[in-house]
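Listed below are the residues making up each chain.
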Amino acid sequence: MSNLFICTNSIRLLVFATMAYGVLHLNSKNKIHRLVQLILVVNCLTEVLSVILSIYGINLFLLYSISFIFHQFLWLWLLSKFSSYRYSLVIPILFLCFGLFNLFFWEGRNLNQKTFVFGALIYIALFIYESFKNLSKENLAFFSNNDYTILFAPVYFFMGMSFTLGFGDFKLLDYLIYNDITLYSLINCFVNIVYYGLIDFYIYKEQKLKNA
């Protein structure tokens, strides 16, 4: 059995397990919890549909392109809840407009790499801005708060996947690191483990705070 197959299926199980954990233990009446649950549901639905479409030999580009729009939009919306930037709520809407424009008029039915990378760069830039702003105010409580954990959760994922999707030529991603482990599979496995691991940690801490 190939290492890529094992990694892909392990990540898929991690997606399902984290989604179930989030739905069961986060409070949907809490706005932040509800956004986290929606992100996990989007990711889970993407995995389920990708399996179904693969069975029927249907190209997955459109599915992933639509998923990119929802995924990045929800993370930007979540970040806006903590942002001190005056027009922070406008940014997710502008991204949504860009994603829809890219889907219908630019990259179209090809994999919408620009949508993912653009959304990721906006998120990382805003996250760094908020971090430095709180640091300059010596608001150290911002960094120790559990909310910072969920805000940081997608950063490595966005960086790693932007690195892989930012290439126009995917041949470099097929470069073998060890045996049948490619550069893409190595990055993909690492960033997904960190991504879902931090979300699970966030849910665990929220559960402990609730029961305290």
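All values reported here derive from a predicted model rather than from experimental measurement.

This part takes up helix 3 (residues 61-80). Each full turn of the α-helix corresponds to 3.6 residues, which orients residues three or four apart in the same direction. Here helix 3 contains 20 residues, and its C-alpha end-to-end distance of 28 Å stays within 8% of the 28 Å for a straight helix at 1.5 Å per residue. Burial analysis of helix 3 places 14 of its 20 residues in the buried class, the great majority of the element.

In terms of nonpolar packing, the biggest core is built from 48 residues, with W75, Y123, I150 and I199 touching the most fellow members. Elements with a contribution of two residues or more to this core: helix 1 (3-25), helix 2 (31-55), helix 3, helix 4 (90-106), helix 5 (113-136), helix 7 (146-152), helix 8 (155-165) and helix 9 (183-211). When residues no more than four places from it in sequence are discounted, the contact partners of W75 are I39, Y123, I150, A153, P154, F158, Y195 and I199.

Time to look at the packing of aromatic side chains. In total, this model carries 21 aromatic pairs according to the counting rule given. Each ring, one from W75 and one from Y195, has its centre 6.1 Å from the other, and the planes form 55°; the classification is tilted. In this pair, W75 sits in helix 3 while Y195 sits in helix 9, placing the two residues 120 residues apart along the sequence. The class for W75 is buried, based on a relative accessible area of 1%. You can call Y195 buried: its relative accessible area is 0%. Centre to centre, the rings of F127 and F152 are 5.9 Å apart; their planes meet at 45°, and the pair counts as tilted. One end of the pair, F127, is in helix 5; the other, F152, is in helix 7, with 25 residues separating them in the sequence. Residue classification places F152 among the partly exposed residues on the basis of a relative accessible area of 25%.

Conventions we followed
Residues numbered from 1 in each chain as written. Predicted model: local features only at pLDDT ≥ 70, side-chain atom pairs only at ≥ 80, totals over all residues. Heavy atoms only, no water. Helix = DSSP H or I, 4+ residues; strand = E, 2+ residues; numbered from the N terminus. Expected span 1.5 Å × (residues − 1). Buried < 20%, exposed > 50% of the residue type's maximum accessible area, 1.4 Å probe, protein only. Core = buried A, V, L, I, M, F, W, Y, C linked by side-chain atoms within 4.5 Å. Contact = heavy atoms within 4.5 Å. Phe/Tyr/Trp six-rings, centres within 6.5 Å; stacked < 30°, edge-to-face > 60°.

These figures capture arrangement, not role.
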